[in-house]
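Chain by chain, the residues run as shown.
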Amino acid sequence: MIPYTPATQDQLLAIRVNAGIEGLAQSERYAAAEPDLVQAIVEGVGQFAAGEFAPLNRIGDLEGAKLENGVVRLPDGFERAYNAYVEQGWNAIASPVEHGGQGLPFTLACNVLENLGTANMAFNLLPMLSVGAIEAIEHHGTEAQKAKYLPNLVSGAWSGTMNLTEPAAGSDVGALRAIATPIDAGEHAGKYLIQGQKIFITWGEHELSGNIIHLVLARLPDAPEGTRGISLFIVPKYHVADDGAIGPRNDLRCVSLEHKLGINASPTCVMSYGDNGECVGELVGAPNRGLVAMFTMMNNARINVGNQGVQIAERATQQAIAFAAERIQSARAGSPDRTPVAIIEHPDVRRMLLRMKALTEGARALLYYCAGQVDRGTLGVEAAGQRAEVLVPLLKAWGTDAGVEVAGLGIQIHGGMGFIEETGASQHWRDARIAPIYEGTNGIQAADLVTRKLALAGGEAVVELLAEIARDARDEVQLAALASDCSAVAQWMSSEASLDDKLAGSVPFCTMFAVAVSGWQLLKQARAVADGASPELAASKPVTVRFFLDRIVPEARGLMPSAMAGAASLYELSAAQLAG
């Protein structure tokens with residue numbers, strides 16, 4: 001497997017141009033995010049990821065996580081690398097200062113995760129879930145809960161999880177059946193007994209951190225059915241005293257680990273709570289309002305999963321380019337010299353490599369544009385917060401689809417050797433394939449876009465974004481036309497289409513919209529490079545942007561008929577006829 005080289009210059013460009021980090025640094029809250037510090041963080045975490053996380057990627061895939069007598073074991077090296085991650089303070093980049101964080105923009109936390117995940121996607125899921133847990137408790141926990149749990153979560157000494165899914169529920173969170181019974185007396189009076197089973201719990205059990213803080217959805221007695229009757233609870237692996245001291249183990253356990261297609265070093269756990277009737281949890285937020293708190297965590301996670309698309313695309317692209325530069329096969333078509341050349345010289349391999357680079361850089365531009373809007377929303381810019389809400393499903397869905405496509409192209413470039421495990425190319429595809437599924441499948445993201453985000457701010461959030469793209473595209477005819485196509489689809493969905501019609505066209509529309517935003521943000525990068533903003537990318541950036549605008553943008557325009565085709569043809573066959 002080719003060693004990981006951090007994409008530092010492209011990341012810095014995206015952070016400056018797409019996230020607008022210099023504008024964020026003008027605020028009092030983010031004043032510390034000056035250029036020198038930003039560059040030091042991006043370079044530093046890149047070096048750390050390459051040195052500590054990347055060497056464990058292959059061994060993690062081969063050996064994976066193992067459950068032994070109720071204890072999850074990781075391959076040698078994982079504990080040392082995680083301890084180094086905590087000691088160097090990478091977990092605390094964007095966390096609140098009052099709880100030990102550095103209070104820097106979310107944009108820079110995204111960069112930490114991008115580098116760690118490109119180096120080792122499975123391992124990176126551990127800090128990724130902790131970041132979401134921090135945000136949920138910060139926004140919805142009591143002051144006592146924040147004081148008790150956040151300092152160690154912020155430092156990374158403890159890790160966090162998200163517990164939604166149950167065996168019979170799947171994506172239908174409202175169908176969950178875990179229960180929470182109030183405790184009226186004794187040392188845990190005012191808390192709740194938690195009982196139930198949760199599945200697909202990422203890093204639900206391990207020994208790398210001193211405690212695991214599970215955020216668990218459950219129902220109170222007599223709670224309403226469906227999503228209106230769900231509450232959120234903090235359920236620690238080890239009880240925590242009011243002063244933060246760790247006590248005895250709580251009544252919870254990992255029943256089994258899932259055997260997965262990829263991310264084998266990430267323990268995906270079946271968790272059982274309250275087997276002995278003694279699992280204690282604390283309510284977070286108001287009763288029956290658990291989804292509000294959980295969606296704070298999930299929204300964060302959806303951005304970070306979109307980030308995973310960037311991560312795996314970058315790693316697969318690096319490996320494919322290195323292989324193509326070394327693999328000698330056949331003479332160049334039409335060349336009078338019949339000497340075999342490296343396959344990087346062949347036109348179709350060039351096409352695939354440039355497509356990989358263009359998709360990777362486009363997804364990265366979208367990631368940091370979204371992150372920058374999140375940061376502006378945090379500063380109280382309402383329009384930016386609304387724009388971030390629109391961008392999240394685009395990033396999560398298209399970013400992860402791009403990651404899978406790029407990883408697949410990487411296998412193709414390796415030829416038959418790509419299908420052989422020893423080259424490592426197939427691991428990238430196997431690892432990538434989960435990202436379009438978890439934190440809400442990409443179909444759910446597209447449904448969110450057409451049912452909720454189209455109507456945001458009375459429809460103006462989407463209208464204004466597409467209008468801005470069309471204005472700024474200037475002479476880029478295809479990009480301006482794609483923005484116009486997206487506007488036409490959005491108008492049709494908002495005024496004429498039935499709910500079924502909108503949902504039937506949601507995925508192609510989501511792709512169109514995401515490509516339009518990504519192309520726009522890449523165009524901004526190309527202009528910045530032309531103005532001398534990044535001499536290191538002066539040769540390559542215009543080429544990859546041109547490829548995106550000339551090839552990927554027109555492809556997205558071709559999805560318009562599918563987006564507006566309606567749902568009628570989907571139901572011409574009965575379920576029995578379709579199945580038969």
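Before reading on, note that the structure itself is shown above.
Residues numbered from 1 in each chain as written. Predicted model: local features only at pLDDT ≥ 70, side-chain atom pairs only at ≥ 80, totals over all residues. Heavy atoms only, no water.

### A short note on the overall build of the protein
Scanning the protein for helices and strands turns up 20 helices and 12 strands. On C-alpha atoms alone, the protein measures out to a radius of gyration of 24 Å, which is about the 25 Å that the 2.2 N^0.38 rule sets for 580 residues. Across its three principal axes, the protein shows a C-alpha extent of roughly 85 × 60 × 55 Å. Within the protein, counting contacts between residues at least 6 apart in sequence, those at least 24 apart form 75% of the total. A total accessible area of about 22,700 Å² is found for the protein, and carbon and sulfur atoms account for 53% of it. Across the protein, the mean location of the 44 positive side-chain charges is 4 Å away from that of the 64 negative side-chain charges. (Helix = DSSP H or I, 4+ residues; strand = E, 2+ residues; numbered from the N terminus. Rg over C-alpha atoms; globule rule 2.2 N^0.38 Å. Contact = heavy atoms within 4.5 Å. Areas by Shrake-Rupley, 256 points an atom, 1.4 Å probe, with all protein chains shown as cover. Lys, Arg positive; Asp, Glu negative; His and termini not counted. Charge placed at Lys NZ, Arg CZ, Asp CG, Glu CD.)

### Side note on helix α7 (residues 121-140)
Between its first and last C-alpha, α7 extends 29 Å over 20 residues, near the 28 Å set by a 1.5 Å rise per residue. The buried count for α7 comes to 15 of 20 residues, which makes it a mostly enclosed element. (Expected span 1.5 Å × (residues − 1). Buried < 20%, exposed > 50% of the residue type's maximum accessible area, 1.4 Å probe, protein only.)

### Some details on unusual backbone geometry
A positive phi angle is found at S330, which is not glycine, with a value near 70°. Structurally, S330 is set in the loop between α9 (290-326) and α10 (347-378). Residue class for S330 comes out partly exposed when judged on its relative accessible area of 42%. Look at E439: it is not a glycine, yet its phi comes out positive at around 60°. You can see E439 is positioned in the loop between α12 (425-432) and α13 (442-451). Residue E439 is classed as buried on the basis of its relative accessible area of 14%.

### Describing the packing of aromatic side chains
Following the criterion strictly, the structure yields 11 aromatic pairs and no others. A ring pair is formed by Y82 and Y85, whose centres lie 5.7 Å apart and whose planes are at 35°; its orientation type is tilted. Taken together, the residues span about one helical turn, with Y82 and Y85 both in helix α5 (residues 78-87) at a distance of 3 residues. Given the relative accessible area of 1%, Y85 is considered buried. Judged by centre distance (5.5 Å) and plane angle (80°), the rings of Y369 and W520 are edge-to-face. Linking Y369 in helix α10 with W520 in helix α17 (residues 506-530), this pair joins segments that are 151 residues apart in sequence. Exposure remark for Y369: the relative accessible area of 6% places this residue in the buried category. Taken together, F48, F53, F78, Y82, Y85, W90, F123 and W203 form an aromatic cluster joined through their ring pairs. (Phe/Tyr/Trp six-rings, centres within 6.5 Å; stacked < 30°, edge-to-face > 60°.)

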